[in-house]
Amino acid sequence: MSRRTSIGVGAVLVFAMVGLGFWLAPRPVSPLPALVAPARVSPPGAPRLRPAPAGPAARESAATAPGPAGLSPEKIARIERIKRDYDEVRARASADYASAGAAFPGGLNGFLRQLALLEREKRVDFAAFLTARELEDLEMVETSAGQLVQRRLGESAASEALRHAVFRLQIEFDDRFALTFDVAPKALLERETARREMNDRIRTTVGDDLFAVWLRGEGADYLQLAELAAQQQLPVSAGIELWRVKTEFTLGRLEINAAGTMPIAEFRAKQAALAQKIELRLMGILGAGTVQLARDTAFQWLPKL
């Protein structure tokens, strides 16, 4: 893989593997024939959904089943049946992909598109009998977007309303990109541009203090930048701005790569100009001396001119 296509591939690999790990958890279902997109409510080949048993034991069992608070036992039982149906279809798809390998129609991207189709159909099935709020409460528990929000904001002071607002932004992004695996330069640029826009909207929604909590989930890179800003006795917003400058650098490199083939001298010149621009932006926040001192720690991602 060339240097122009490699930038950002690592991040996409992480997202793709996280997505695959979430949807492909092993389940005791035997491999069956090739996947067919499920009909609403009941996937092909799965048992048809029936009304929940009306007996006292069934009502007691449904009442203790996991799910959003406040749902009737009948709705909880129906949710569990639909989830089992889709688990079976997803397991068949996993088995088909594992056995076909490179011969699977559309390859990995084709497989991921089928998983995305299943999730959309399952959401439609839930929406057929849940209110909008009940559906969102369910997805806050069941989806990777909801689990991400709970992990990042779980112990914070974020209200339930703010968590739901962040969830809507995250799941909008996930619906577009979570189950995709395209490392072409333009695709990487589109994804990272959308991710930055999502984060900017989250910041506007929750404010700087909670957004700083959210960014801790980005890992050591952000934590180093936030710590550096704190050492300089700068406000929380300064650490956030340092992170935004880093994402600006990432997007700049992706833009250069997405521009297509160019002479190597021109490519290097564009890279150098970008690095110089980013260095000046960092100096505007921290000062030249601090940037130079942190070159081998917090700013090791920035090429030296």
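Residues numbered from 1 in each chain as written. Predicted model: local features only at pLDDT ≥ 70, side-chain atom pairs only at ≥ 80, totals over all residues. Heavy atoms only, no water.

A.B. asks: Give a detailed account of empty space enclosed by the protein, specifying residues and quantitative values.
C.D. replies: Using a probe with the size of a water molecule, rolled over the atoms, empty space left in the structure can be pinpointed. Summed over all chains, the structure comprises one cavity of 30 Å³ or more. In terms of lining residues, the largest cavity is bounded by Arg196, Asn199, Asp200, Phe211, Leu215, Trp243, Arg244 and Thr247. Broken down by secondary-structure element, the contributors of at least two residues to the lining of the largest cavity are α9 (185-206), α10 (208-215) and α12 (236-258). For the lining of the largest cavity, the per-class residue count stands at three nonpolar, two polar and three charged. (1 Å grid on protein atoms, 1.4 Å probe; cavity = no way out; pocket = protein on both sides within 12 Å on 5 of 7 lines; lining within 4 Å. Points joined across faces, edges and corners; volume = space filled by probe spheres on them. Helix = DSSP H or I, 4+ residues; strand = E, 2+ residues; numbered from the N terminus. Nonpolar A, V, L, I, M, F, W, Y, C, P; charged D, E, K, R; others polar.)

A.B. asks: Tell me about the confidence of the model for the protein, and name the residues and values.
C.D. replies: In the predicted model, the protein carries a mean pLDDT of 82, and 77% of its residues have values of at least 70. Of all the helices and strands in the protein, helix α3 (residues 56-64) carries the lowest mean pLDDT, 42, while α10 carries the highest, 98. When the criterion is pLDDT under 50, residues 1-66 qualifies, and its contacts beyond four places in sequence or with other chains add up to 118 contacts. (pLDDT = per-residue confidence, 0-100. Contact = heavy atoms within 4.5 Å.)

A.B. asks: If you had to explain the packing of aromatic side chains to someone new, which residues and values would you point to?
C.D. replies: For the structure shown, the criterion picks out eight aromatic pairs. For the pair Phe126 and Phe129, a centre-to-centre distance of 6.5 Å together with 75 degrees between the ring planes defines the contact as edge-to-face. Phe129 sits in the buried class, given a relative accessible area of 13%. Each ring, one from Phe173 and one from Phe177, has its centre 5.0 Å from the other, and the planes form 35 degrees; the classification is tilted. Note that Phe173 and Phe177 are positioned in helix α8 (residues 160-177) at a spacing of four residues, about one turn of the helix. Of the two residues, Phe173 and Phe177, both sit in the buried class. Taken together, the ring pairs in this structure connect Tyr97, Phe104 and Phe111 into an aromatic cluster. The ring of Trp214 is capped by Arg152, whose NZ or CZ atom sits 4.7 Å from the centre of that ring. A cation sits over an aromatic face here: Lys246 above Trp301, 5.5 Å from the ring centre. (Phe/Tyr/Trp six-rings, centres within 6.5 Å; stacked < 30°, edge-to-face > 60°. Buried < 20%, exposed > 50% of the residue type's maximum accessible area, 1.4 Å probe, protein only. Lys NZ or Arg CZ within 6 Å of the ring centre and 35° of its normal.)

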